[in-house]
Amino acid sequence: MPSPNSDTRAQVVVAYQGRQVFVCAQCAAVIALQDELISKAFSGRDGRGYLMQSATNIKLANKEERALLTGVHTVADVHCLGCNDRIGWYYFKASNHSQKYKEGKYMLEREKLVKENSWQIGE
């Protein structure tokens, strides 16, 4: 995976055309399908966040142990592939058994995303 500081704008893929998506607020790269939203009740560094099943057009920083509100987790910051903006983190491992459901999921900052609908006028 590319490093968080590398220029990866040319690698952004057009995905999920005609579907409801979340896009990067900075560069409009598609980040996730709205259907992949698991929970809106998460806290990020910059405010509220979404727990997502999957994400696209992202790159991960190095893994690290981080003390979060729900305990220590092994995470990596998630950066937008289009603009390098840090948009959340990826959960690799949770030390607390009750938090294991987060493993393999993305916590994306609400303020870093824009919700786009695929509505067409006249449909």
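Residues numbered from 1 in each chain as written. Predicted model: local features only at pLDDT ≥ 70, side-chain atom pairs only at ≥ 80, totals over all residues. Heavy atoms only, no water.

- Per an unreviewed UniProt entry, the protein chain goes by Protein yippee-like and derives from Thelephora terrestris.
- For the protein chain, the Sequence similarities (unreviewed entry) comment in UniProt is given as "Belongs to the yippee family." (UniProt positions renumbered as here; feature names shortened; annotations may be inferred.)

Some words on the overall build of the protein chain
Right, on to step 1. Counting its regular elements, the protein chain contains zero helices and ten strands.
Right, on to step 2. Ordering the α and β elements of the protein chain from the N terminus gives β-β-β-β-β-β-β-β-β-β.
Right, on to step 3. Relative to its full complement of 123 residues, the protein chain shows a buried share of 43%.
Right, on to step 4. Residue pairs at least 24 apart in sequence account for 49% of intrachain contacts in the protein chain once pairs closer than 6 positions are excluded.
Right, on to step 5. Of the accessible surface of the protein chain, which amounts to about 6,900 Å², a share of 47% is contributed by carbon and sulfur atoms. (Helix = DSSP H or I, 4+ residues; strand = E, 2+ residues; numbered from the N terminus. Buried < 20%, exposed > 50% of the residue type's maximum accessible area, 1.4 Å probe, protein only. Contact = heavy atoms within 4.5 Å. Areas by Shrake-Rupley, 256 points an atom, 1.4 Å probe, with all protein chains shown as cover.)

A short note on the nonpolar core
Right, on to step 1. I31, M52, I58, V78, I87, Y106 and L108 are the most contacted members of the largest nonpolar core, which has 17 residues in total.
Right, on to step 2. At the level of secondary structure, the elements contributing two or more residues to this core comprise β1 (21-24), β2 (30-33), β4 (47-52), β5 (58-60), β7 (71-80), β8 (86-94) and β9 (106-109).
Right, on to step 3. It is β7 that contributes the most residues to this core, three residues altogether.
Right, on to step 4. Grouped together as the second largest cluster of nonpolar side chains are six residues, F42, V75, Y91 and M107 included. (Core = buried A, V, L, I, M, F, W, Y, C linked by side-chain atoms within 4.5 Å.)

Re the sheet that holds strand β10 (residues 113-116)
Right, on to step 1. Judged by pairing direction, the sheet is antiparallel, and its three strands sit side by side in the order β2-β1-β10 without closing on themselves. The two strands at the open ends of the sheet, each matched to only one other strand, are β2 and β10. In this sheet, neighbouring strand axes are inclined to one another by 30 degrees on average, regardless of whether the strands run parallel or antiparallel.
Right, on to step 2. Judged from the four bridges that link them, β1 and β10 form a sheet pairing that is antiparallel. If you follow C24 over to β10, its bridge partner there is L113. (Pairing = 2+ DSSP bridges. Axes fitted to C-alpha atoms, helices over the stretch in contact; angles between N-to-C directions.)

A word on the pairing of strand β6 (residues 64-68)
Right, on to step 1. Sheet topology places β6 next to β7; five bridges connect them, and they run antiparallel. Opposite A67, over in β7, you have V72 as the bridge partner.
Right, on to step 2. Adjacent in sequence and paired antiparallel, β6 and β7 are bridged by two residues.

Considering the side chain of D77
Right, on to step 1. Within the secondary structure, D77 sits in strand β7.
Right, on to step 2. A relative accessible area of 12% means that D77 is categorised as buried.
Right, on to step 3. There is a polar contact of 3.5 Å between the side chain of D77 and the side chain of R45.
Right, on to step 4. When near neighbours in sequence (up to four residues on either side) are disregarded, D77 contacts R45, K59, L60, A61, R66, R86, G88 and W89. (Polar contact = N/O pair within 3.5 Å; in protein donor to acceptor, adjacent residues only side chain to side chain.)

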